[in-house]
Amino acid sequence: MTTDSTAGTTVKNHILIVDDHPFIIQGYKNAITRYKPDEFEFFIEQANDCKSGYDIITNPDTKAFDIAFLDISMPAYEEKGMFSGEDLAKLLNKYMPNCKIILLTMYTELLKIKNIIDAINPHGLVIKNDLTFDELLFGFDKVINNEIYYSQSIQKMMDLDQSETIEIDLFDKQILFHLSKGTKTKEITQYIPISLEAIEKRKLSLKKRLDLKEESDIELVREAKKRGLLF
């Protein structure tokens, strides 16, 4: 965030928007550019999947962003271990630690929301169904003024009884991702550098932690999505 020395009061903000729906990106742009136009000037870059988001963030010529809007669910970039907007958020925290991150999702399960907050601690977290033009401006105002913004549904969920979160590592995450795409267990070794025996052990461990006993891989994927471990 910089001040225009010529205008004296105009604050320049560099914004990143990553979403795989162009009309949603346009909606964000429309709202952002209408926010206090006499006080702020916004330079917006956009991406539509994990790969294009990764390329922008890691490009050494990219100017550090002040605020980033990241959709949780979007096409993955497997080669770099980017499977969701959450992974892009972690990348931003590494490359641009001062960037304020606003995450957006369609998921409404408490455990998923808790996992996101624990892993990223975003400045903003929004259930897309809560989002209106006015609400977007309200949340943007809070974040740009260094406040935390959770949309209404998230605030209500956080008032519910707290549940134990389950943390998984990158290999578990990749196993779940490939299972969700219909990849057979024996073929997953083509994509991640661990043995078939290690993959089977990890699957069994995941099922036990999710109280699934000996259920199928389909049930494992379904429960992982429900619990916020797979987006």
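Residues numbered from 1 in each chain as written. Predicted model: local features only at pLDDT ≥ 70, side-chain atom pairs only at ≥ 80, totals over all residues. Heavy atoms only, no water.

(A) Inspection of the pairing of strand β3 (residues 40-47) at higher detail. One ladder, built from eight bridges, connects strand β2 (residues 11-18) with β3; its direction is parallel. Counterpart to Leu16 in the pairing with β3 is Glu45. With helix α1 (residues 22-32) bridging β2 and the parallel β3, this β-α-β connection has right-handed handedness. (Pairing = 2+ DSSP bridges. Helix = DSSP H or I, 4+ residues; strand = E, 2+ residues; numbered from the N terminus. Right-handed = clockwise from strand over helix to strand, strands pointing away.)

(B) The environment of Cys99, seen in detail. Checked against the element boundaries, Cys99 lands in the loop between α3 (85-95) and β5 (100-105). Under the relative-accessibility criterion, Cys99 is labelled buried at 3%. As for Cys99 and Pro122, which are separated by 23 residues in sequence, their C-alpha atoms are 9.9 Å apart. Not counting residues within four places of it along the chain, the set of residues in contact with Cys99 comprises Phe65, Asp66, Ile67, Ala68 and Leu92. (Buried < 20%, exposed > 50% of the residue type's maximum accessible area, 1.4 Å probe, protein only. Contact = heavy atoms within 4.5 Å.)

(C) The arrangement of the pairing of β5 in detail. Counting buried positions along β5 gives six out of six residues, so the element sits mostly inside the fold. On β5, burial covers both faces: Lys100, Ile102 and Leu104 on one face and Ile101, Leu103 and Thr105 on the other are all buried. Relative to β5, strand β4 (residues 67-71) runs parallel, the two sharing five bridges. Paired with Ile67 across the bridge in β5 is Lys100.

(D) Looking closely at the environment of Glu135. Positionally, Glu135 belongs in helix α5 (residues 133-144). Polar contacts involving the side chain of Glu135 include one to the side chain of Tyr149, which spans 2.5 Å. (Polar contact = N/O pair within 3.5 Å; in protein donor to acceptor, adjacent residues only side chain to side chain.)

(E) Highlighting the confidence of the model for the protein chain. Summary statistics for the protein chain give a mean pLDDT of 87 and a share of 93% for residues scoring 70 or more. Mean pLDDT across the elements of the protein chain ranges from a minimum in strand β1 (residues 2-3), with 56, to a maximum in helix α2 (residues 50-58), with 97. (pLDDT = per-residue confidence, 0-100.)

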